[in-house]
Amino acid sequence: MFGKVVVISQDIGLYHSIEKCISKQFEIVYQAFPYDGGELIGATILYIIKDSIFTERSLCVVKSIRLRDDFTPILLLSEQIEREQKVKEKVRAIEAGVDEYLAYPQATEEIIASVRALIRRTKHILDGNTLSIKQGFIINLGSRKIYLKGEEISFTKLEFDIIYYLASNQNRVITYKELYEAVWHRKYLCDDMNIMAHIHRIRQKLESDPKHPEIIQNVYGIGYRFVS
């Protein structure tokens, strides 16, 4: 089975409906409220949250998941109310980290269609030879693509090779010499400025604050450390 789908709800009927439709392909796990987002994170490919009405409790569950997992998609279901309020709820839910919001009750077929669509997106990203660095940061060697929080970030061939080599040796200090010879495939001639220029461009794309990098850190006078 490819990962698990976590259904967070007081509605056991919804859980059984989903289980009946997709349990042959995915492990379906039921979790009643309250839920802090921590117990079932591992190998989860989708969270389904169903609350009777949209409340602060709903938002707390979403936020608690996002504190630990900023990549796995979340589908939120809540009872249908008047349209103006529903728009406000949808905006708040998406801002909190929900990927898709459906009014409930909803036809089981439509819920399952949304479930499959969200899983396809996750599976597409994870297919192939992947290196998962931290929550939401994934390198796919097969397609030579890098994803951060579910969004693909474009890198040149050389930039990708630098990131992949550093990430493959995460938390270990990589000297300028080792990095140069591993990525450029030629003898190291103290070409540190060339390496630094590429690292600078990588940080512009990868780091939330390139001036204070959290992922690729300097080890001054020696090289770099990729922090997981």
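Residues numbered from 1 in each chain as written. Predicted model: local features only at pLDDT ≥ 70, side-chain atom pairs only at ≥ 80, totals over all residues. Heavy atoms only, no water.

Okay, the overall build of the protein chain next. When helices and strands are counted, the protein chain shows seven helices and twelve strands. By residue count, 45% of the 228 residues in the protein chain fall in the buried class. Long-range contacts, defined here as pairs at least 24 residues apart, represent 56% of the contacts in the protein chain between residues at least 6 apart. Of the roughly 11900 Å² of accessible surface on the protein chain, 53% is carried by carbon and sulfur atoms. (Helix = DSSP H or I, 4+ residues; strand = E, 2+ residues; numbered from the N terminus. Buried < 20%, exposed > 50% of the residue type's maximum accessible area, 1.4 Å probe, protein only. Contact = heavy atoms within 4.5 Å. Areas by Shrake-Rupley, 256 points an atom, 1.4 Å probe, with all protein chains shown as cover.)

So, about helix α7 (residues 192-206). In this model α7 runs 21 Å from its N-terminal to its C-terminal C-alpha over 15 residues, within 8% of the 21 Å that 1.5 Å per residue would give. Buried residues of α7: I195, H198, I199, I202, R203 and L206, and no others. Down the axis of α7, the sector holding all buried residues measures 140 degrees, keeping them to one side. (Expected span 1.5 Å × (residues − 1). Arc of directions from axis to C-beta.)

To continue, consider the side chain of E159. Mapped onto the secondary structure, E159 falls in helix α5 (residues 157-168). Those residues in contact with E159 that lie beyond four places of it in its chain are R201, I202 and K205.

This part covers the environment of L131. Looking at where L131 falls in the secondary structure, it is placed in strand β6 (residues 130-134). Along the sequence, L131 and Y164 sit 33 residues apart, while their C-alpha atoms lie 8.6 Å from each other. With sequence-adjacent residues up to four places away left out, L131 is seen in contact with F137, I138, I139, Y164, A167 and S168.

Once that is clear, we can look at the pattern of salt bridges. Proximity of charged atoms lets side chains of opposite charge pair with each other. Summed over the entire model, instances satisfying the criterion amount to ten salt bridges. The shortest N-O distance in the salt bridge between R144 and D161 comes to 2.8 Å. A residue pair is termed long-range when its members are at least 10 positions apart, and R144 in the loop between β7 (137-140) and β8 (145-148) and D161 in helix α5 qualify at 17 residues. Take R144: its relative accessible area is 36%, and that puts it in the partly exposed class. (Salt bridge = Lys/Arg side-chain N within 4 Å of Asp/Glu carboxyl O.)

The phi angle of most residues is negative, glycine excepted, and most peptide bonds adopt the trans form. For the bond from Y104 to P105, the omega torsion is 10 degrees, close enough to zero to count as cis. By the element assignment, P105 lies in the loop between β5 (100-104) and α4 (108-126). Positive phi outside glycine occurs at N171, with the angle close to 70 degrees. Looking at where N171 falls in the secondary structure, it is placed in the loop between α5 and β10 (173-175). Here H185, not a glycine, exhibits a phi torsion of approximately 60 degrees, which is positive. Mapped onto the elements, H185 comes out in the loop between α6 (176-183) and α7.

With 26 residues, the main nonpolar core has L166 and I216 as its most contacted residues. Counting residues per element, the ones that place at least two in this core are β7, α5, α6, α7 and β12 (223-226). The contacts of L166, once residues within four sequence positions are left out, are I174, L179, I199, I216, Y224 and F226. Ranked by size, the runner-up nonpolar core spans 20 residues in total, among them Y15, I18, L75 and I111. (Core = buried A, V, L, I, M, F, W, Y, C linked by side-chain atoms within 4.5 Å.)

Once that is clear, we can look at the pairing of strand β11 (residues 216-219). In this sheet, β12 lies alongside β11 in antiparallel orientation, the contact comprising four bridges. Paired with I216 across the bridge in β12 is F226. Hairpin remark: β11 followed by β12, antiparallel, with three residues in the connecting loop; positive phi at G221, about 80 degrees. (Pairing = 2+ DSSP bridges.)

Let us now look at the sheet that holds strand β3 (residues 44-51). Strand order in the open sheet formed by five strands is β2-β1-β3-β4-β5, and the pairing between neighbours is parallel. Bordering the open sheet on either side are β2 (27-31) and β5, each of which pairs with just one other strand. Shown here is a sheet whose adjacent strand axes are inclined to one another by a mean of 20 degrees, direction ignored. (Axes fitted to C-alpha atoms, helices over the stretch in contact; angles between N-to-C directions.)

Next up on the list: the sheet that holds β11. Taken together, the three strands give an open sheet; going across it, the order is β10-β12-β11, and neighbouring strands pair in antiparallel fashion. Of all the strands in the sheet, the pair left with one neighbour each is β10 and β11. Here the strands of the sheet are splayed against their neighbours by 35 degrees on average, with no regard to which way each runs. Along the sheet face, α5 touches β10, β11 and β12 and points at about 70 degrees away from the line of β12. In the packing of α6 onto the sheet, contacts are made with β10 and β12, and the angle to β10 comes to roughly 70 degrees.

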